[in-house]
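Analysis of the macromolecular model
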Protein chains: 2
Amino acid sequence: MVQSGGSVTLSDVAREAGVSVATASRALNGSSRTVRPDLSARVAAAARRLDYAPNAQAQAMARGATTMVGLIVHDIADPYFSAIAAGVSRAADDAGLLVMLSNTLGRPEQELRYLKALRAQRGRAAILVGSQRTDRDHSAAVSSEVAAFEHAGGRVVAISQARLPVDTIVIENAAGAGALARKLAEMGHSRFGVLAGPSDLLTARDRHRGFQRGAVDAGCAPPIAVHGAFTRDGGHSAMAQLLDSGCQIDCVFAVNDVMAVGAIAACRDRGLQLPKDLAIAGFDDIATLRDITPSLTTVRLPLTELGKQAMELVTAPPGTAPKRSRVKGTVVIRDSTPAHR
Amino acid sequence: MVQSGGSVTLSDVAREAGVSVATASRALNGSSRTVRPDLSARVAAAARRLDYAPNAQAQAMARGATTMVGLIVHDIADPYFSAIAAGVSRAADDAGLLVMLSNTLGRPEQELRYLKALRAQRGRAAILVGSQRTDRDHSAAVSSEVAAFEHAGGRVVAISQARLPVDTIVIENAAGAGALARKLAEMGHSRFGVLAGPSDLLTARDRHRGFQRGAVDAGCAPPIAVHGAFTRDGGHSAMAQLLDSGCQIDCVFAVNDVMAVGAIAACRDRGLQLPKDLAIAGFDDIATLRDITPSLTTVRLPLTELGKQAMELVTAPPGTAPKRSRVKGTVVIRDSTPAHR
DNA sequence: GATGCATTGGAAAGCGCTTGCTGGGTATGC
DNA sequence: GCATACCCAGCAAGCGCTTTCCAATGCATC
């Protein structure tokens, strides 16, 4: 059935079908040139009989184009990124593209490494997900590698990082956080705390600032901010710090859901009753966390949809100027922030 | 700086350095043949100056080997799979390999499609994660495609599906669930319910059966099982069904954590007090769910570690017979299952 | 000073595929 | 009946790289 010693090649198929490789190629790929139906059928039959799988590398070389897109995320185990990855993967499927997963684990040099690897693969596109840090050197290095990638004919799309001169899906972090703050103020909260994430992470910063502005606009005192890692543990320790500070606070905004969960745990460790003693809100609306108790007030982001949109930018004809599409968050009030007083 | 019109090629570098492509290739890759240090330096400098990135496709063709491994999962948005993916990704990095992500969304035909795509890419290996269904036709088709893949020189490793004649990481689902059942019985629970997942999903079935055996061994009545999807919603509706049945039960085992979360939500919908009115346990120990209330008793699986082990099997020299490594779960008792009576 | 060997650069042959071009065969027009 | 046009199979040239083989050079040895 299958040729011994390595893979079945197109010339095996051609021989089996009694035609030239050129004809076999045209028959299988249906090029602009037509092949007589009977030959075409013979080729198809031969391919099936030999269980032929075209060598994608060779095709890529000959055609000068691959079917690969790279997905570069901070941490695939983080539900935020994995939801986006699911959207990208889904959309890639529909477009007949393959997804290369790259997990930078937050290490900037990894991002560069992957970008370079992707260029080496002549990937059709790279999708960069995750807030960029406000690190000048790294930004410059990424910009330069991105330029090289684009020069080599690849598209680059950024999700949630607006610093690069490429097609970008901007998440309206500040606006979403602001809306949340106003809503919470309206519900009677006035003394806010913010678990603000790392100060050099743009997403965290935007959410923090947006919330702060919203709170102040609504006539509240500026929230008290505590910085910490953008993770569950970061939320936990930031919350602990906030509680230790002895500040009077009736509502805490964690700049993402995962941090909010850490914060909730920290509160419980101290014996606080939630949501009675303290209201807590997050951001993202992570699916896996929709059932926690108390159910978490948050700003919902259409994460899966994001991936889809990114794919659309990737497959769209390249424009002259970088496109920018905006994605809004929706405030979702749940039990973790009951009306105050 | 960069050549106009497409990418920089090795011959560009060679020309720039004033050597032949052969020498340039040898200088950059350090082959068995040595290149005089000064030439080597000239080549390296030229490559840097032109920002050369070797065409991986061309390398793959010439060398007859790629650096790609495929990771085939059911749903990357599911924290179980994304944790494994993180482990794989990490290990792939260390081994200098690239990961192709394939999300089958549970559709068997997608699994085949990906396997074939991976063969077309001449991927070095495929890692199949996730319990196989007990569907004969599909199993046969996968077996055949797996054979083709291996014939083409690729390695195949399965995680948590023991049906394929390939290197496999077996998760001791039955043993883990059995240990959990015994432990719960020891704690005074005796009337068990099981939210059993789809009946044709091996993992679900093994956990269900293991739990059942454990319970019976401990002298309890056979648990009452309700089947449902392997998801949060599946757990929710199975739990609702179980509650509606009016059976007297004091402890429910959901065959995975995500279902357990759905079950908890269903209980709350009915106004049950957890864990007072009912004990609930899960399986997997999903990191994102470690902070839910009540904290969930479960069987911890070293998910990230699994990915790493899979990678080790991939990079290990191929043995004659399929290797089988076993991974145990650890029973973790938390608040959701207090001692009974 | 001639011969042998080690060392190393370069020419060239592929890897498997696509595609422009060539040319034989057939259909059509006068 | 012959010329023109058209159709389509196949030859061959690449795509960018690795690697084998050959040739040239330098050095040691006799």
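Note that the structure is predicted; figures quoted are calculated from it, not measured.

With that out of the way, let us pick up the packing of aromatic side chains. Residue and element names in this part refer to chain A. Within the structure shown, the criterion is met by eight aromatic pairs over all chains. Counting every residue linked through ring pairs, the aromatic cluster contains Phe192, Phe211, Phe253 and Phe283. One Lys or Arg, arginine 113, reaches over the ring of tyrosine 114 and ends 5.8 Å from the middle of that ring.

A few words now on the sheet that holds strand S8 (residues 251-254) of chain A. Within a beta sheet, neighbouring strands are joined by backbone hydrogen bonds and run either parallel or antiparallel to one another. Residue and element names in this part refer to chain A. In spatial order, the strands read S7-S6-S8-S9; together these four strands make up an open sheet with parallel pairing. Where the open sheet ends on each side, the last strands, each with one partner, are strand S7 (224-226) and strand S9 (279-281). Neighbour to neighbour, the strand axes of the sheet diverge by 20 degrees on average, direction disregarded. Helix H9 (residues 202-217) contacts strand S6 (192-195), S7 and S8 of the sheet and is inclined by roughly 170 degrees relative to S6. The sheet strands contacting helix H10 (residues 232-244) are S6, S7 and S8, and the helix crosses S6 at an angle near 145 degrees.

The environment of DNA strand D is made up of 26 residues, and the closest members are Arg26(A), Leu10(B), Ser25(B), Asn29(B) and Tyr52(B). Counting only the atoms of DNA strand D within 4 Å of the protein, the fraction contributed by sugar and phosphate is 56%. In this structure, Leu10(B) approaches DNA strand D through a main-chain N or O atom, which is 2.2 Å from a phosphate oxygen. Here a base oxygen of DNA strand D sits 3.2 Å away from a polar atom, N or O, in the side chain of Arg26(B). Taken together, the elements giving at least two residues each to the surface near DNA strand D come down to helix H2 (21-29) and helix H4 (56-63) of chain A together with helix H2 (21-29) and helix H4 (56-63) of chain B. Its residues assigned to classes, the surface near DNA strand D shows 12 nonpolar, eight polar and six charged.

In space, the 12 strands of this open sheet follow the order S11(A)-S5(A)-S4(A)-S3(A)-S1(A)-S2(A)-S2(B)-S1(B)-S3(B)-S4(B)-S5(B)-S11(B), with mixed pairing throughout. Each edge of the open sheet is held by one strand with a lone partner, namely strand S11 (324-327) of chain A together with strand S11 (324-327) of chain B. Sheet twist, expressed as the average angle between the axes of neighbouring strands with direction ignored, equals 20 degrees. Here strand S1 (residues 68-73) of chain B pairs with strand S3 (residues 125-129) of chain B via four bridges, running parallel. Each residue of the ladder has a partner; that of Leu71(B), found in S3(B), is Ile127(B).

A word on the packing of helix H1 (residues 10-17) of chain A against helix H3 (residues 37-50) of chain A. All names here are of chain A. Running from N to C, H1 and H3 cross one another at 120 degrees; their axes reach a closest spacing of 8 Å. Relative to H3, the element H1 lies oblique. In terms of crossing hand, the pair formed by H1 and H3 is right-handed. Along the contact surface, H1 presents Asp12, Val13, Glu16 and Ala17, while H3 presents Arg42, Val43, Ala46, Ala47, Arg49 and Leu50. The class makeup of the residues in the contact of H1 with H3 is six nonpolar, no polar and four charged.

Glancing now at the interface of chain B and chain A. If you look at the interface, chain B gives 58 residues, while chain A gives 57 residues. Here chain B packs against chain A, burying approximately 4,800 Å² in sum over the two surfaces, 53% of which is carbon and sulfur. Linking chain B to chain A there are eight salt bridges. One salt bridge in this structure joins Asp93(A) and Arg113(B), with 3.5 Å as the shortest N-O distance. Looking at the side of chain B that touches chain A, the elements that each hand over two or more residues are H4, helix H5 (79-94), strand S2 (98-103), helix H6 (108-120), helix H7 (136-151) and helix H11 (257-269) of chain B. No other element matches H5(B), which puts eight residues into the side of chain B that touches chain A. Along the lines of polarity and charge, the residues of the side of chain B that touches chain A split into 30 nonpolar, 17 polar and 11 charged. Relative to S2(B), strand S2 (residues 98-103) of chain A runs antiparallel, the two sharing three bridges.

What follows concerns the packing of H10(A) against helix H11 (residues 257-269) of chain A. The description of two helices packed together rests on the angle between their axes and the distance between the axes. Residues and elements named next belong to chain A. One way to put it is that H10 packs onto H11 with a least axis distance of 6 Å and a crossing angle of 45 degrees. Relative to H11, the element H10 lies oblique. Crossing of H10 against H11: the hand is right-handed. Residue-level contacts link Arg232, Gly234, Gly235, His236, Met239, Ala240 and Leu243 of H10 to Val258, Met259, Gly262, Ala263, Ala265, Ala266, Cys267 and Asp269 of H11. Of the residues contributing to the contact of H10 with H11, the split by class is nine nonpolar, four polar and two charged.

This next bit is on the pairing of strand S5 (residues 167-171) of chain B. Residue and element names in this part refer to chain B. Counted residue by residue, S5 has five buried out of five residues, so it is predominantly covered. Covered by surrounding structure in S5 are Asp167, Ile169 and Ile171 together with Thr168 and Val170, the residues of both alternating faces. Relative to S5, strand S4 (residues 155-159) is paired through three bridges, and the arrangement is parallel. Bridged to isoleucine 159 within S5 is isoleucine 169. Where S5 meets S11, four bridges bridge the pair, whose relative direction is parallel. Its bridge partner lying in S11, isoleucine 171 is registered against valine 327.

Conventions adopted
- Residues numbered from 1 in each chain as written.
- Chains lettered and ligands numbered in written order.
- Predicted model: local features only at pLDDT ≥ 70, side-chain atom pairs only at ≥ 80, totals over all residues.
- Heavy atoms only, no water.
- Phe/Tyr/Trp six-rings, centres within 6.5 Å; stacked < 30°, edge-to-face > 60°.
- Lys NZ or Arg CZ within 6 Å of the ring centre and 35° of its normal.
- Pairing = 2+ DSSP bridges.
- Helix = DSSP H or I, 4+ residues; strand = E, 2+ residues; numbered from the N terminus.
- Axes fitted to C-alpha atoms, helices over the stretch in contact; angles between N-to-C directions.
- Contact = heavy atoms within 4.5 Å.
- Near = heavy atom within 4 Å.
- Polar contact = N/O pair within 3.5 Å; in protein donor to acceptor, adjacent residues only side chain to side chain.
- Nonpolar A, V, L, I, M, F, W, Y, C, P; charged D, E, K, R; others polar.
- Parallel < 35°, antiparallel > 145°, perpendicular 65-115°, else oblique.
- Left-handed = near helix turned anticlockwise from the far one by under 90°.
- Buried area = accessible area lost by both parts, 1.4 Å probe.
- Salt bridge = Lys/Arg side-chain N within 4 Å of Asp/Glu carboxyl O.
- Buried < 20%, exposed > 50% of the residue type's maximum accessible area, 1.4 Å probe, protein only.

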